[in-house]
Amino acid sequence: MAVTADFREQVRRMAIEAGAVAAGFARAGAVAEADASRFNAYLSAGGHFSMRYMENYREIRLNPLRLFTPAAEAATVISMAFPYYHPGANPLFARYAQGEDYHKVLRRRLRPLARYISENSGGARCRICTDTAPILERYWAVAAGVGFIGRNHCLIVPGAGSFCFLAEIVTEAQFEPDAPSLLGCGDCGACKRGCPGGALEAQCGFDSGKCLSCLTIEHRGAWPDDAPGLPGPAIYGCDLCQQRCPHNAAPAPGLPEFAPSAAMRSLTTDSLAALDASGYESLFASSAVTRCPAEQLRRNAEKLKNNNN
Ligand code: SF4
Ligand code: SF4
């Protein structure tokens, strides 16, 4: 069902009240052919490395109308960016993982909005995606005018930077789309020069096998022989290409749930290398760090210690 312009602006206001720094609307449907080909070529070239899950649900990934069963005939992707930057983070961890688990926080914040949309659009189905559904999040953020994809492959929100989580409500309610973002990086390249693994030099655009974020969080088992070392400062994730980006000179302040806890701030390489199962559980139970099993955190901590010796 088509909705009015007033309703659209009310939904945008509510998204901002829910904590988003930017929110926009895009007409859902098949991903543009050039982008779908690029995605398929990326997978064929193995750019996703250990992240084999990216091969799953490809037909849904390339057309979010199929997120619904049965598939929607028409829908809107409401794309939103939620800031997580807090000063005083522990440099051993990527900033995004230092507070409460973003999957849960964002779903909690977006539930009332999805309910409001459904109740005021004749019961339109809504699906909240908080990095929990096969959807090309950055593609839809660009299409909805929320920001542009930087050379570091992060979504950059003009005026707010890239230390933001993306989330979407895909809804059968039909909103007038926003204009897509046409911005880009220009001739900067600071992230590429500063990437310790050379992940941004790859032919396919991004080599996850050389990215410390993928290697420390997603790659199970032993550290691959041909992978870059772990130069630090982090053992979980890597923020270097975001830190170097001029768009992050004054990042939007993060939502309170994403502030690093005192326990997180006090962790050291030695305490992590010695972490046992109960310590891991009590420290990270409500955090996104559980994406990385305890033995892998220990592997990373040992790797960093060895590199520094
Ligand atoms: S996260 Fe780190 S290793 Fe990965 S591309 Fe960015 S700078 Fe390179
Ligand atoms: S550092 Fe420069 S090239 Fe890299 S994403 Fe930021 S603006 Fe783009």
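Residues numbered from 1 in each chain as written. Chains lettered and ligands numbered in written order. Predicted model: local features only at pLDDT ≥ 70, side-chain atom pairs only at ≥ 80, totals over all residues. Heavy atoms only, no water.

## Re the pairing of strand 6 (residues 164–171)
Where we set the bar: Relative accessibility thresholds used throughout: buried, under 20% of the residue-type maximum; exposed, over 50%; partly exposed, between the two (1.4 Å probe, protein chains only). Every helix listed is a DSSP run of H or I at least four residues long, and every strand listed is a run of E at least two residues long, numbered separately from the N terminus. Here, any two strands with at least 2 DSSP bridges between them count as paired.
Within strand 6, eight of the eight residues are buried, which leaves it mostly tucked inside the rest of the structure. Going residue by residue along strand 6, you find C164, L166, E168 and V170 tucked away on one face and F165, A167, I169 and T171 tucked away on the opposite face as well. Across eight bridges, the pairing between strand 2 (residues 76–83) and strand 6 is antiparallel. Looking across to strand 6, one finds that F82 is bridged to F165.

## Let's talk about the packing of aromatic side chains
Defined as follows: Only the six-membered ring of Trp is used, alongside the rings of Phe and Tyr, when aromatic pairs are assigned; centres must lie within 6.5 Å, and planes under 30 degrees apart are stacked while those over 60 apart are edge-to-face, with the rest tilted.
On inspection of all chains with the given rule, the structure shows 15 aromatic pairs. Aromatic pair F93 and F284: ring centres 6.0 Å apart, planes at 50 degrees, arrangement tilted. Within this pair, whereas F93 is found in the loop between strand 2 and helix 4 (102–119), its partner F284 is found in helix 11 (residues 277–284), the two being separated by 191 residues in sequence. Judged by its relative accessible area of 3%, F93 falls in the buried class. According to the relative accessible area criterion, F284 is buried, its value standing at 1%. Through a chain of ring-to-ring contacts, three or more aromatic side chains come together here, namely Y84, Y85, F93, Y96, Y102, F163, F165, Y236, F258, Y280 and F284.

## A look at the pattern of salt bridges
Put simply, the rule is: For salt bridges, the criterion is a side-chain nitrogen of Lys or Arg within 4 Å of an Asp or Glu carboxyl oxygen.
All chains considered together, the criterion is met by 11 salt bridges. Between R8 and D178 there is a salt bridge, with its nearest N and O atoms 2.7 Å apart. Placement of R8 in helix 1 (residues 5–17) and of D178 in the loop between strand 6 and helix 6 (190–194) is noted, with a sequence separation of 170 residues between them. With a shortest N-O distance of 2.9 Å, E172 and R125 are connected by a salt bridge. Of this pair, E172 sits in the loop between strand 6 and helix 6 while R125 sits in the loop between helix 4 and strand 3 (126–129), and the two are 47 residues apart along the sequence. Here the salt bridges share partners, and the residues they tie into one network are R8, E9, R12 and D178.

## Comments concerning the nonpolar core
How we decide: By convention a nonpolar core is built from buried Ala, Val, Leu, Ile, Met, Phe, Trp, Tyr and Cys residues, the set being connected through side-chain atoms within 4.5 Å. Note on contacts: a residue pair is in contact if any heavy atoms of the two residues lie within 4.5 Å.
By size, the foremost hydrophobic cluster in this structure holds 58 residues, and its most contacted members are M80, F93, Y96, L272, F284 and L297. The element contributing the most residues to this core is helix 4, with seven residues. Not counting chain neighbours up to four residues away, the residues in contact with L272 comprise L92, F93, I235, L267, F284, L297, R298 and A301. Counting 44 residues, the second-largest nonpolar core is a separate cluster that includes F39, Y42, L200 and C241.

## Topic: unusual backbone geometry
Following T69, the chain continues to P70 via a peptide bond in cis, the omega torsion being -5 degrees. With an omega of 10 degrees, the peptide bond running from G232 to P233 counts as cis. Here F49, not a glycine, exhibits a phi torsion of approximately 50 degrees, which is positive. Along the chain, F49 turns up in the loop between helix 2 (33–44) and helix 3 (58–61). Residue classification places F49 among the partly exposed residues on the basis of a relative accessible area of 31%. Even without being glycine, H153 reaches a positive phi, approximately 70 degrees. On the secondary structure map, H153 appears in the loop between strand 4 (148–149) and strand 5 (155–156). With relative accessibility at 29%, the residue H153 sits in the partly exposed group.

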